[in-house]
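Summary of structural features
Residue-level listing of the chains:
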Amino acid sequence: MSAPQQPGGSPGQRDPAPRRSGLRNPERAVRGLGAGVLSLEALVLVLAIQPIRVVGGGLSGSAVAAVVALAVLAVLLAGLMRRPWAWHAGTALQGALMLAGLLHWSLLALGVIFALVWAYALHVRRVILG
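Okay, so let's go over this structure. (Residues numbered from 1 in each chain as written. Predicted model: local features only at pLDDT ≥ 70, side-chain atom pairs only at ≥ 80, totals over all residues. Heavy atoms only, no water.)

This next bit is on the environment of Val124. Checked against the element boundaries, Val124 lands in helix 4 (residues 105–129). In the structure, Val124 is positioned 94 residues away from Val30 in sequence and 7.7 Å away in space, judged by C-alpha atoms. (Helix = DSSP H or I, 4+ residues; strand = E, 2+ residues; numbered from the N terminus.)

Two quantities define a packed helix pair, namely the angle between the helix axes and the distance between the axes. One can describe the packing of helix 3 (residues 85–99) onto helix 4 by two numbers: an axis separation of 7 Å at closest approach and a directional angle of 160 degrees. As far as their axial angle goes, helix 4 and helix 3 are roughly antiparallel. Remark: the crossing between helix 3 and helix 4 carries left-handed chirality. Residues Trp87, Gly90, Thr91, Gln94, Leu97 and Met98 of helix 3 pack against Leu107, Leu108, Leu110, Gly111, Val112, Phe114, Ala115, Trp118, Leu122 and Arg125 of helix 4. Across the contact of helix 3 with helix 4, the residue classes break down as 11 nonpolar, four polar and one charged. (Axes fitted to C-alpha atoms, helices over the stretch in contact; angles between N-to-C directions. Parallel < 35°, antiparallel > 145°, perpendicular 65-115°, else oblique. Left-handed = near helix turned anticlockwise from the far one by under 90°. Contact = heavy atoms within 4.5 Å. Nonpolar A, V, L, I, M, F, W, Y, C, P; charged D, E, K, R; others polar.)

Moving on to the nonpolar core. In this structure, Leu38, Leu45, Met81 and Leu110 are the most contacted members of the largest nonpolar core, which totals 30 residues. Broken down by secondary-structure element, the contributors of at least two residues to this core are helix 1 (26–56), helix 2 (61–79), helix 3 and helix 4. With nine residues, the top contributor of residues to this core is helix 1. Residues within four places of Met81 in sequence aside, it is in contact with Arg31, Gly34, Ala35, Leu38, Ala86, Trp87 and Trp118. (Core = buried A, V, L, I, M, F, W, Y, C linked by side-chain atoms within 4.5 Å. Buried < 20%, exposed > 50% of the residue type's maximum accessible area, 1.4 Å probe, protein only.)

These figures come from the coordinates and say nothing about function on their own.
Right, here's the structure in full:
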């Protein structure tokens, strides 16, 4: 009975380091995912200001300023995804958005939705990078 043959090698030879994914550059792909989530979040926050003011009623000036500040922070973090601390800052951003729910209930709803999306991005990062 012969030894099992590994793909791309001779019988009994093992691959030196099996790849976790088929991506050419997994770190870059994961950074792109994080940047995409944060960019989408910034876009949704800015576009949500007017509907919240009209339909939700009573969106104060401080709430609008908080939404704009969070959107700007999300864009800045999207550009800094090469830094390892940017993932932690993105998590803190989701918490800040949920805290903005104290200013208006719809911001809490957006915070929960984007926290779930961010949690999924963190899960994908962990699976791909190991």
